Structures are given as structure tokens and as C-alpha cells.
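# Breakdown of the fold
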Amino acid sequence: MTQSPYFDAPLNDSTMLSFDGRVLEVFGFNDAARYHVWEEPRIEFRTGRSHKLTITTKAGRSHTMYYDAHRLPDLQALAERLERSRPGGAQH
């Protein structure tokens, strides 16, 4: 069985990340944002009093958002899938 390239992970009750294997999208945070895999987006997590994640690209574009702590495992799974899809990642 082949793993589906689609993966959705809510950050909180009003924001969601979605990855289809080619484009990472942010929905519900002001407007939608799109990051193509050729931009080499990465997701970094910060824990502590405030739980934030930051999406950064190789060109320096960034987007920081709050996430609910209990949603971290799904967000980390999406980040791992995104990393494997990047040029030079585990799939290439």
C-alpha cells in the first residue's frame, strides 16, 4: 500500500497546515500561505511557555504561528514528511 501524499495537521482550532507532497499550505492564519518544496521550507518548533512553530525557506522567508501543545505529534509528522520531500531528502 502506498502512503498518501496528503497530510493535514491543525495547529489550533482555527489554523491548519496541509501538505500534498509538493506544496505546504497554511490555512486560517490571516490569509492562506503557500510554500513549494523547491523553496525548501523547514518547520522548527519552540516549546516552553508559548508553543510556536516557524516555517522558513532557503530564501529567508518565514512565518511564525502558535500551536496547541497536544497537536505537536501530528505537526512533527507533517514536518518529517515535508523534510523527506525536499530536494536531497530521504525520498530523493
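Before reading further, recall that the structure is shown in the block above.
Attention in this report is confined to the structure presented alongside it. (Residues numbered from 1 in each chain as written. Predicted model: local features only at pLDDT ≥ 70, side-chain atom pairs only at ≥ 80, totals over all residues. Heavy atoms only, no water.)

### As for the sheet that holds strand β4 (residues 33–36)
Rule in force here: For two strands to pair, DSSP has to find at least two bridges joining them. Secondary structure elements are taken from DSSP: a helix is a run of H or I of four residues or more, a strand is a run of E of two residues or more, and numbering for both begins at the N terminus. In this description, a line fitted to the C-alpha atoms serves as the axis of each element, helices being fitted only across the stretch in contact, and the angle between N-to-C directions of two axes falls anywhere from 0 to 180 degrees. Any two residues having at least one pair of non-hydrogen atoms within 4.5 Å are treated as being in contact.
An order of β1-β2-β3-β4 is seen for the four strands of this open sheet, with the pairing classed as antiparallel. What marks the edges here is a single partner per strand, and that holds for β1 (7–10) and β4. For this sheet, the mean angle separating the axes of adjacent strands, direction not counted, is 15°. Where β1 and strand β2 (residues 16–19) come together, four bridges link them in antiparallel fashion. Paired with Pro10 across the strands is Met16, a residue of β2. Contacts from helix α1 (residues 72–85) reach β1, β2 and β3 (23–27), with the element oriented near 140° to β1.

### Structural notes on the pairing of β3
Note on strand geometry: in a regular strand, side chains alternate between the two faces of the sheet. Rules: Each residue gets one of three labels from its accessible area relative to the maximum for its type: buried under 20%, exposed over 50%, partly exposed in between, using a 1.4 Å probe on protein chains only.
The buried fraction of β3 amounts to four of the five residues, a majority that puts the element mostly inside the structure. In terms of strand pairing, β2 meets β3 through four bridges, oriented antiparallel. By the bridge assignment, Leu17 is partnered in β3 with Val26. With antiparallel pairing between neighbouring strands as the criterion, β2 and β3 make up a hairpin whose turn holds three residues, including Gly21 at a positive phi of roughly 100°. Bridge count for β3 against β4 is four bridges, and the pairing is antiparallel. Considered in β4, the bridge of Val23 is made with His36.

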